Amino acid sequence: EDIGTLLAECLDTLVPSGSSTTIIGALSEIRVGTIEFVRSMQARGFRARELELEASSRLKESIDDCSVVVSPSSSEERERLVHGRPIEGSKVVQWTRPDPQKLQKQSENEAGGTDEGDRLWRYFAESLAEKERNVKMAEGFEIWE
């Protein structure tokens with residue numbers, strides 16, 4: 001679970017506030033640390049926007065074949081950097097980090113749109129809770145809600 005927080009911490013270091021850098025990530029329901037990652041990114045001032053991808057989308061293909069990573073040049077080295085492929089069934093999220101001073105002066109739409117971080121967090125939290133209930137049921141535990 002700490003891995004999600006550590007990843008957010010790394011991105012926090014790499015992307016300064018107000019940067020034009022966009023981070024694209026594929027978040028899986030079953031990857032350990034996803035919930036913590038979403039919360040940690042929000043706490044660091046990143047805004048989330050889910051990208052709806054078609055099955056044949058170029059972005060989806062470039063994540064799955066690792067061409068989304070420009071450097072290093074060898075495909076073997078790129079494959080070591082991109083985990084969790086294929087991303088089928090994952091939520092693909094665009095993270096941006098607007099300048100907090102500009103956010104105070106601008107409307108929400110001008111400052112980067114709506115932040116979907118809370119909605120994504122609820123989705124992953126509910127999905128994880130359901131999967132945990134299913135595991136407990138499979139192990140013969142009774143679940144009382």
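Refer to the structure printed above.
Residues numbered from 1 in each chain as written. Predicted model: local features only at pLDDT ≥ 70, side-chain atom pairs only at ≥ 80, totals over all residues. Heavy atoms only, no water.

Draft legend 1. Here's a closer look at the side chain of Glu50. Residue position: Glu50 is located in strand E2 (residues 47–51). For Glu50, the contacting residues outside a window of four places in its chain are Lys91, Val92, Val93, Glu116, Arg119 and Leu120. (Helix = DSSP H or I, 4+ residues; strand = E, 2+ residues; numbered from the N terminus. Contact = heavy atoms within 4.5 Å.)

Draft legend 2. Broad picture of the nonpolar core. Formed by 15 residues in total, the largest nonpolar core has its most connected members in Ile23, Leu27, Phe37, Met41 and Trp95. Looking at this core, the elements that each hand over two or more residues are helix H1 (2–14), strand E1 (23–27), helix H2 (34–43), strand E3 (91–96) and helix H6 (117–138). Among the elements that take part in this core, H2 stands out by supplying four residues, more than any other. Ignoring any residue separated from it by four or fewer positions in sequence, one finds Met41 in contact with Ala8, Leu11, Ile23, Phe46 and Trp95. (Core = buried A, V, L, I, M, F, W, Y, C linked by side-chain atoms within 4.5 Å. Buried < 20%, exposed > 50% of the residue type's maximum accessible area, 1.4 Å probe, protein only.)

Draft legend 3. Layout of the environment of Lys131. Examined against the element boundaries, Lys131 turns out to sit in helix H6. It is 8.6 Å that separates the C-alpha atoms of Lys131 and Ile30, two residues lying 101 residues apart in sequence. Not counting chain neighbours up to four residues away, the residues in contact with Lys131 comprise Glu29 and Ile30.

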